[in-house]
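Architecture at a glance
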Amino acid sequence: MPLPTSKDAFAGTKTRIKKIIERLAKIHPDAKLDLDFSSALELLIALILAAQARDDLIRKITPGLFKKYRTAKDYAKTSLPKLQQDIGRINFYRNKSRSIHNCCSELVERFGGKVPDNLDDLLSLPGVGRKTANILLGNAFGQQTIGVDTHVMRLSQRLGLTEETDPDKIEADLTRVVSPAQRVRFCHLLQYHGRRICIAKKPKCAECVIRGLCPYPAKMTWE
Ligand code: SF4
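Note that this is a predicted model, so its numbers are computed, not measured.

1. Notes on the overall build of the protein chain
Of regular secondary structure, the protein chain possesses eleven helices and zero strands. Of the regular secondary structure in the protein chain, the N- to C-terminal order runs α-α-α-α-α-α-α-α-α-α-α. Taking 2.2 N^0.38 as the reference for a compact globule, 223 residues should give roughly 17 Å; the C-alpha atoms of the protein chain span a radius of gyration of 19 Å, in line with that estimate. Over its C-alpha atoms, taken along the principal directions, the protein chain stretches across nearly 55 × 35 × 25 Å. For the protein chain, with 223 residues in total, the buried portion stands at 35%. Of all intrachain contacts in the protein chain linking residues separated by at least 6 positions in sequence, the fraction that spans at least 24 positions is 59%.

This is the structure:
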């Protein structure tokens, strides 16, 4: 476990995270989940579609999709070829159609068509992994969860908040040090900073407002 175990060091990490959040909030005041939705079902569908796909493409097709399919039953009773046609612009559309179809069939059969608001039930649904479940709980149900996507993973590693590579273990590390009230906000800020500044291949360390709080050893080589 990479995180400090002594009481003082643990408190130091929490203070550093507080400062990271304050600074990132100033430069990314618009940080939010980059998907459009008006219900838990819409967010669930958008998240299934968004796996390894660009959020802007998902935002383009979801308004029409959500107009056509209003309930879990609508997705469950449609045919797979029809659904494939409706989302055919998105990569892995065959697998994603099947996931949506199976997931919504389970929602209808087991949950009266409603998206459950707890982790265990969400994880029991086809096509729903821990990242999707946590993002859903955090953004549709107001629960303070950590959804570990590619940006949250990369930045928490570079910022020295975890040494883990497994998303579940990263989530556990972050849950220990990010205050409950800030968890969803923290993830949005890391996602925006990861897209705009701390990009994967060549982070813009010289213009990074949290540079002084970042122990990433390679940051000197990017100046
Ligand atoms: S200093 Fe560099 S590595 Fe650290 S958070 Fe900023 S951009 Fe990322």
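2. Here's the deal with the nonpolar core
Leu44, Leu47, Leu49 and Leu136 are the most contacted members of the largest nonpolar core, which totals 29 residues. Sorting the residues of this core by element identifies helix H2 (40-50), helix H4 (72-77), helix H6 (93-111) and helix H8 (130-140) as the ones contributing at least two each. In terms of residue count, H2 provides more of this core than any other element does, nine residues in total. Setting aside residues up to four positions removed in sequence, Leu47 forms contacts with Thr132, Ile135 and Leu136. Judged by nonpolar contacts, the second largest core, of 24 residues, contains Ala31, Leu155, Leu174 and Tyr192.

3. Some details on the site of the ligand
As a structural note, the neighbourhood of the ligand is formed by 13 residues, with Cys198, Pro203, Cys205, Cys208 and Cys214 the closest of them. A breakdown of the residues in the shell around the ligand according to their chemical character gives nine nonpolar, no polar and four charged.

4. Some thoughts on the domain arrangement of the protein chain
Domains assigned within the protein chain are domain 1 (7-30 + 146-217) and domain 2 (40-140). For domain 1 and domain 2, the distance between their C-alpha centroids amounts to 28 Å. Taken together, the eight residues of domain 1 in the interface contact six residues of domain 2. Residue assignment for the side of domain 1 that touches domain 2 shows that the elements contributing at least two residues are helix H10 (167-177) and helix H11 (183-196). Here the side of domain 1 that touches domain 2 is built from residues that sort into four nonpolar, one polar and three charged.

5. Examining helix H3 (residues 55-68)
Compared with an ideal rise of 1.5 Å per residue, which puts 14 residues at 20 Å, H3 spans 20 Å between its outermost C-alpha atoms and is within 8% of the ideal. Along H3, the sharpest kink reaches roughly 35°, centred on Thr62 and followed within four residues by the proline Pro63.

6. Let's talk about the packing of helix H9 (residues 150-158) against H11
Orientation of H9 relative to H11, taken along the N-to-C sense of each, is 85°, at an axis distance of 8 Å. The angle between H9 and H11 places the two elements in the roughly perpendicular class. Taking contact as the criterion, the partners of His151, Val152, Arg154, Leu155 and Ser156 in H9 are, on H11, Cys187, Leu190, Gln191, His193, Gly194 and Arg195.

7. As for unusual backbone geometry
Even without being glycine, Gln52 reaches a positive phi, approximately 55°. Relative to the elements of secondary structure, Gln52 occurs in the loop between H2 and H3. Of note in the backbone geometry, Phe92 takes a positive phi value of approximately 55° without being a glycine. Within the secondary structure, Phe92 sits in the loop between helix H5 (80-86) and H6.

8. Describing H2
Most of H2 sits inside the fold, with ten of its eleven residues counted as buried. Those residues of H2 lying buried are Leu41, Glu42, Leu43, Leu44, Ile45, Ala46, Leu47, Ile48, Leu49 and Ala50. Taken together, the buried residues of H2 touch H3, H4, H6 and H8. Looking one or two places after H2, you find Gln52, whose phi comes out positive at around 55°.

9. Topic: the packing of H2 against H8
Direction vectors running N to C along H2 and H8 enclose 145°, while the axes themselves pass 10 Å from each other. When you trace H2 past H8, the crossing you get is right-handed. The segment H2 lies against H8, with Ala40, Leu43, Leu44, Leu47 and Ile48 engaging Thr132, Ile135, Leu136, Asn139 and Ala140. Looking at side-chain class alone, the contact of H2 with H8 contains eight nonpolar, two polar and no charged residues.

Each value, and the rule that gives it
- Residues numbered from 1 in each chain as written.
- Predicted model: local features only at pLDDT ≥ 70, side-chain atom pairs only at ≥ 80, totals over all residues.
- Helix = DSSP H or I, 4+ residues; strand = E, 2+ residues; numbered from the N terminus.
- Rg over C-alpha atoms; globule rule 2.2 N^0.38 Å.
- Buried ≥ 20, exposed ≤ 12 C-beta atoms within 10 Å, placed from the backbone.
- Contact = placed C-beta atoms within 7 Å.
- Core = buried A, V, L, I, M, F, W, Y, C linked by C-beta atoms within 7 Å.
- Near = placed C-beta within 6 Å.
- Nonpolar A, V, L, I, M, F, W, Y, C, P; charged D, E, K, R; others polar.
- Domains from an automatic or database assignment.
- Expected span 1.5 Å × (residues − 1).
- Bend = angle between axes of the 7 residues up to and from the residue.
- Axes fitted to C-alpha atoms, helices over the stretch in contact; angles between N-to-C directions.
- Parallel < 35°, antiparallel > 145°, perpendicular 65-115°, else oblique.
- Left-handed = near helix turned anticlockwise from the far one by under 90°.

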